[in-house]
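Next come the chains, spelled out residue by residue.
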Amino acid sequence: MIQEIPIQSGAAFRLKKGQKLKVIDPKGQQVSDMVLFNANDKREKISSGKTLDFEESILITKGDFLWSNRSNKMMEILEDTNGRNDFLLAPCSPETFKIMYGNSDYHPSCFENLYTNLEKFDIEPDDIPTAFNIFMNVQFDENGKLSVDPPLSKAGDHVLFEAKMDLFVGLTACSAEDSNGGSFKPIHYEILD
Ligand SMILES: [Zn+2]
């Protein structure tokens, strides 16, 4: 059954070892931040540093694994119809909008949407790691200068993951203007046995 994450919100759920998670961009150009925790010991969580190290790439896609801070495989990417994801940048947070957008007013963020949804699994704000940013299009030049460009994903693009351990998963429909081509769309996901 396909579930919808409404615009600028999030979800959290369990995923058993061997189950698959399909994350779909239903309208195109929409980022989804994903964090993972070992359901049996939440101190073990997804690690950008370990993943980029062991996969020897900063562009993580089909055929790659998402690794934990304890150097265990958490997920395998089985399909990726878009092929562009980011694993460098932290989830957008209230401070992102203050520091980078000059906006001190309340603004929804992936960080808030992750920790509020993961609260039911006893996960706290300080536990949230760098997310795997599905469909996010971060470009970089030879000097290391980064730019956040509109996603290349088209309506119906998806990434299919397989859990390699029992997981708590946090997933968002990203709330940052620049990451999503200037408009906010929902994200769909489906858990497959
Ligand atoms: Zn975000």
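Thresholds applied
- Residues numbered from 1 in each chain as written.
- Predicted model: local features only at pLDDT ≥ 70, side-chain atom pairs only at ≥ 80, totals over all residues.
- Heavy atoms only, no water.
- Pairing = 2+ DSSP bridges.
- Helix = DSSP H or I, 4+ residues; strand = E, 2+ residues; numbered from the N terminus.
- Axes fitted to C-alpha atoms, helices over the stretch in contact; angles between N-to-C directions.
- Contact = heavy atoms within 4.5 Å.
- Buried < 20%, exposed > 50% of the residue type's maximum accessible area, 1.4 Å probe, protein only.
- Arc of directions from axis to C-beta.
- Polar contact = N/O pair within 3.5 Å; in protein donor to acceptor, adjacent residues only side chain to side chain.

The name given to the protein in an unreviewed UniProt entry is Urea carboxylase-associated family protein, with the source organism recorded as Christiangramia oceanisediminis.

A. Region of interest: the sheet that holds strand 7 (residues 132-134). With respect to topology, four strands assemble into an open sheet ordered 2-11-4-7, the strand pairing being antiparallel. Strands with a single pairing partner mark the edges of an open sheet, and in this sheet they are strand 2 (10-15) and strand 7. The sheet shows a mean angle of 25 degrees between the axes of neighbouring strands, taken without regard to direction. Sheet topology note: the strand 4 (residues 32-38)/strand 7 ladder contains three bridges and is antiparallel. By the bridge assignment for strand 7, Ser32 is matched with Ile134. Contacts between helix 3 (residues 110-118) and the sheet are confined to strand 2, strand 4 and strand 11 (167-172), with strand 11 contributing the most and set at about 145 degrees to the helix.

B. Quick peek at helix 1 (residues 48-55). Listed in full, the buried residues belonging to helix 1 are Ser48, Thr51, Leu52 and Glu55. Projected onto a plane normal to the axis of helix 1, the buried residues spread over an arc of 95 degrees and lie on a single side. Buried residues belonging to helix 1 abut strand 5 (65-67). The opening residue of helix 1 is Ser47, an N-cap whose side-chain oxygen sits 3.4 Å from the backbone nitrogen of Gly49.

C. Geometry of the sheet that holds strand 5. What the six strands build is an open sheet, ordered 1-12-3-10-6-5; its pairing is antiparallel. The two strands at the open ends of the sheet, each matched to only one other strand, are strand 1 (3-5) and strand 5. Averaged over all pairs of adjacent strands, the angle between their axes in this sheet comes to 25 degrees, without regard to strand direction.

D. Representation of unusual backbone geometry. Positive phi values are uncommon outside glycine, yet Glu56 reaches one of about 50 degrees. Take Glu56: it is sitting in the loop between helix 1 and strand 5. On the basis of relative accessible area, Glu56 is assigned to the exposed category, the value being 74%. Positive phi is not limited to glycine here, since Asp122 has a value of about 65 degrees. Along the chain, the position of Asp122 falls in the loop between helix 3 and strand 7.

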